[in-house]
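What follows is the residue order along each chain.
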Amino acid sequence: EVRYREIVHVERKRGLLKGNSLRLDVNRGRATFTVKVDLSAKPKATEYLYRFLKEVMLLPEKKERHGTDWPVVHAALDRLRDNGHLSASDHSRLMRLAR
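Residues numbered from 1 in each chain as written. Predicted model: local features only at pLDDT ≥ 70, side-chain atom pairs only at ≥ 80, totals over all residues. Heavy atoms only, no water.

Examining the overall build of the protein chain
1) Next: When its secondary structure is counted, the protein chain shows three helices and three strands.
2) Next: Shown N-terminal to C-terminal, the secondary structure of the protein chain runs as helices and strands in the order β-β-β-α-α-α.
3) Next: Its C-alpha atoms give the protein chain a radius of gyration of 14 Å, within 12% of the compact-globule value 13 Å for 99 residues.
4) Next: Along the first, second and third principal axes, the C-alpha set of the protein chain runs to 40 × 35 × 20 Å.
5) Next: Going through the 99 residues of the protein chain one by one, you find that 26% of them count as buried.
6) Next: The distance from the centre of the 22 positive side-chain charges to the centre of the 13 negative ones in the protein chain is 3 Å. (Helix = DSSP H or I, 4+ residues; strand = E, 2+ residues; numbered from the N terminus. Rg over C-alpha atoms; globule rule 2.2 N^0.38 Å. Buried < 20%, exposed > 50% of the residue type's maximum accessible area, 1.4 Å probe, protein only. Lys, Arg positive; Asp, Glu negative; His and termini not counted. Charge placed at Lys NZ, Arg CZ, Asp CG, Glu CD.)

Structure representation (structure tokens):
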């Protein structure tokens, strides 16, 4: 389980044989570790997920965190849709999941 606020770096990886993936550097406490998200089954999702995570990880941190801040997630999805990086159908599908 990785929280948005723990992500300190997001990098896209495109491989010819290995497919697309994202590499996340996650800072938890005093340790930083790397998580690889394999998106080879959904290569078109790589760019959208990359932009979404970059948006969310740069949002200001709240003092108390208890689970996912859904209004922040919804606002980031709205910005991606408004900027033309997320289709209306993908936006509505993700909004249904993010309730």
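The structure having been displayed, the exposition proceeds.
Remarks on the confidence of the model for the protein chain
1) Next: Mean pLDDT over the protein chain stands at 86; residues scoring 70 or higher make up 93%.
2) Next: When mean pLDDT is compared element by element in the protein chain, strand β3 (residues 31-38) scores highest at 92, while helix α3 (residues 88-97) scores lowest at 87. (pLDDT = per-residue confidence, 0-100.)

Quick notes on the nonpolar core
Nonpolar side chains tend to gather and get buried jointly when the protein is soluble and globular.
1) Next: Counting 18 residues, the largest nonpolar core has Ile7, Val10, Leu22, Leu24, Phe52, Leu53 and Leu77 as the members making the most contacts within it.
2) Next: Mapped onto this core, the elements with two or more residues apiece are β1 (7-15), β2 (19-28), α1 (45-57) and α2 (70-82).
3) Next: The element that contributes the greatest number of residues to this core is α1, accounting for five residues.
4) Next: Residue contacts for Phe52: discarding those within four places in its chain leaves Tyr4, Val73, Ala76, Leu77 and Leu80. (Core = buried A, V, L, I, M, F, W, Y, C linked by side-chain atoms within 4.5 Å. Contact = heavy atoms within 4.5 Å.)

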